[in-house]
Every structure is written in C-alpha cells, then in structure tokens.
Amino acid sequence: MKRECEPADRSALRILVVGMTNRAGGLESFLMNYCGQLAGTDICFDFLSRFPDCSYAERIAEIGGTIYSVTRRSMNPLKFYREISAFYKAHAAEYDVIWDN
C-alpha cells in the first residue's frame, strides 16, 4: 500500500535515510527490505543520496518516499558541503530521525 507522505504530515514518523548509492548492493537491499516492510504504516522514509541516480528509485516511489541527491564529497568537497548544508537548512525540521549509513 502506497502512503503519500507530505512534509506537513505530522501524524507520521518521518525518517531521512542517508547513504543510498547507485548500486543495488547489500546495504541498499537491506534498507529497501526494511523500509518496504514498514510501508503503509505511519512511518515515512525519504532518501538522501550522494549519487545522481539512486538504486531502487521505483521502489522508493512506490512506498511514497522522496529521493534527494547531493554531490559526492570525493568529487567536489566544497560543493558537497554547500549542498548538504543547504539541504539540512531547508529540510531538517521535516524529519524526526536521520539514519546515516
């Protein structure tokens, strides 16, 4: 069951998962299994990736999640720090939990 999670939806526990990559490896599979099991409950998962393409993008959309991306730190450290700072300044108040991998 898909549950749309809006930032203003305070009835749901909102979790930002940081660390998804563009490859469907063990960590990504674990995260999607875990988040998929909780889909349809009062928990909403959004994802922050350091890659322009995120693995499991279709599955994340199915469970009502949003994918955000920032430049990889190893590619451009200054741009990464600017983007990550701007992201948290704009979105940190929307989340109850930040899960960083």
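Structure: above.
Below you will find a few notes about this structure. (Residues numbered from 1 in each chain as written. Predicted model: local features only at pLDDT ≥ 70, side-chain atom pairs only at ≥ 80, totals over all residues. Heavy atoms only, no water.)

### Quick look at the pattern of salt bridges
Spelled out, the test is: Just to be clear on terms, a salt bridge is a Lys or Arg side-chain nitrogen sitting within 4 Å of an Asp or Glu carboxyl oxygen. The numbering of helices and of strands both runs from the N terminus, where a helix is a DSSP run of H or I of at least 4 residues and a strand a run of E of at least 2. Buried means the residue's accessible area, taken with a 1.4 Å probe over protein chains only, is under 20% of the maximum for its type, while exposed means over 50%, and partly exposed covers the values in between.
Taken as a whole, this structure holds four salt bridges when the rule is applied. For glutamate 83, the salt bridge is made with lysine 79, and the minimal N-O distance between the two is 4.0 Å. Taken together, the residues span about one helical turn, with glutamate 83 and lysine 79 both in helix α3 (residues 77–91) at a distance of four residues. Residue classification places glutamate 83 among the partly exposed residues on the basis of a relative accessible area of 24%. Take lysine 79: its relative accessible area is 36%, and that puts it in the partly exposed class.

### Remarks on unusual backbone geometry
Peptide bonds are trans in most cases, and residues, glycine excluded, mostly fall at negative phi. Not every positive phi belongs to a glycine, and tyrosine 56 is a case in point at roughly 65°. Assignment of secondary structure puts tyrosine 56 in the loop between β2 (43–49) and α2 (57–62). What makes tyrosine 56 partly exposed here is its relative accessible area of 31%.

### Observations regarding the pairing of strand β1 (residues 13–20)
Operational definition: Being paired, for any two strands, means DSSP has found at least two bridges between them. By definition, the crossover connecting two strands over a helix is right-handed if that path, from the first strand to the second, turns clockwise as seen with the strands pointing away from the viewer.
Most of β1 is tucked away, with seven of its eight residues classed as buried. Examined bridge by bridge, β1 and β2 share seven bridges and lie parallel to one another. Among the inter-strand pairings, methionine 20 is bridged to a residue of β2, identified as serine 49. A crossover links β1 with its parallel partner β2, the connecting element being helix α1 (residues 26–38), and its sense is right-handed.

### Points about the environment of serine 74
Tracing the sequence through the fold places serine 74 in the loop between β3 (67–69) and α3. C-alpha of serine 74 to C-alpha of alanine 86: the two residues are twelve residues apart in sequence and 18 Å apart in space.

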